[in-house]
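Listed below are the residues making up each chain.
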Amino acid sequence: MDIKAAGWPFRAASRPGGPADDERTQTGLVVKARPKTKKPAMYKVLLLNDDYTPMDFVVQVLEKFFAKPRAEAMRIMMHVHRRGVGLCGVYTFEVAETKMIQVMDFARRHQHPLQCVMEKE
């Protein structure tokens, strides 16, 4: 079959009583639909207090895994010590989960029972 004879790709069949294909004009507006994107859910990474993990180890964790300066790490550590829980940071799910796992693995390797959890903000 010849493509030109078939009217490929945009030639429409004429209607009875209507203008010939060559005389017909069509106008339109092409609009690209933009999908709506929403911000990812954020998760808080929290350290939990225990009676066995040394304070300097908690400070080291905050500096190493959460890039906290020494003074801020000390402040967070004291908050954890006094209140039982402290916020390390707020991240997307994957980042929060990774940090939580890294902290828990690091604590276990150093034989500390430090607990790190995440919760949806």
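As shown above, the structure is provided for reference.
Computed from a predicted model, the values in this text were never measured in an experiment.

1. Observations concerning the nonpolar core
Here is step 1: Counting 24 residues, the largest nonpolar core has Leu 47, Val 61, Leu 62, Phe 66, Val 103 and Leu 114 as its most contacted members.
Here is step 2: Among the secondary structure elements, those contributing two or more residues to this core are strand E1 (42-48), helix H2 (55-66), helix H3 (70-83), strand E2 (85-92) and helix H4 (93-109).
Here is step 3: Here this core takes seven residues from H2, the largest share from any one element.
Here is step 4: In contact with Val 61, other than residues within four places in its own chain, are Phe 66, Val 103, Phe 106 and Leu 114.

2. A closer look at the sheet that holds strand E3 (residues 115-120)
Here is step 1: Across the sheet, which stays open at both edges, the three strands sit in the order E2-E1-E3 with antiparallel pairing between neighbours. Strands with a single pairing partner mark the edges of an open sheet, and in this sheet they are E2 and E3. Ignoring which end each strand starts from, the neighbouring axes of this sheet average 25° apart.
Here is step 2: Sheet topology note: the E1/E2 ladder contains seven bridges and is antiparallel. For Met 42, the partnering residue across the bridge sits in E2 and is Thr 92.

3. Focus: the packing of aromatic side chains
Here is step 1: For the structure on display, the rule yields four aromatic pairs.
Here is step 2: Ring centres 5.3 Å apart and planes at 10° place the aromatic pair Phe 57 and Phe 106 in the stacked group. Separated by 49 residues along the polypeptide, Phe 57 in helix H2 and Phe 106 in helix H4 bring together distant segments of the chain. Phe 106 carries the same exposure label as Phe 57, and that label is buried.
Here is step 3: Ring pairs connect the aromatic residues Phe 57, Phe 65 and Phe 106, which therefore count as one cluster.

So, how was this worked out
- Residues numbered from 1 in each chain as written.
- Predicted model: local features only at pLDDT ≥ 70, side-chain atom pairs only at ≥ 80, totals over all residues.
- Heavy atoms only, no water.
- Core = buried A, V, L, I, M, F, W, Y, C linked by side-chain atoms within 4.5 Å.
- Buried < 20%, exposed > 50% of the residue type's maximum accessible area, 1.4 Å probe, protein only.
- Helix = DSSP H or I, 4+ residues; strand = E, 2+ residues; numbered from the N terminus.
- Contact = heavy atoms within 4.5 Å.
- Pairing = 2+ DSSP bridges.
- Axes fitted to C-alpha atoms, helices over the stretch in contact; angles between N-to-C directions.
- Phe/Tyr/Trp six-rings, centres within 6.5 Å; stacked < 30°, edge-to-face > 60°.

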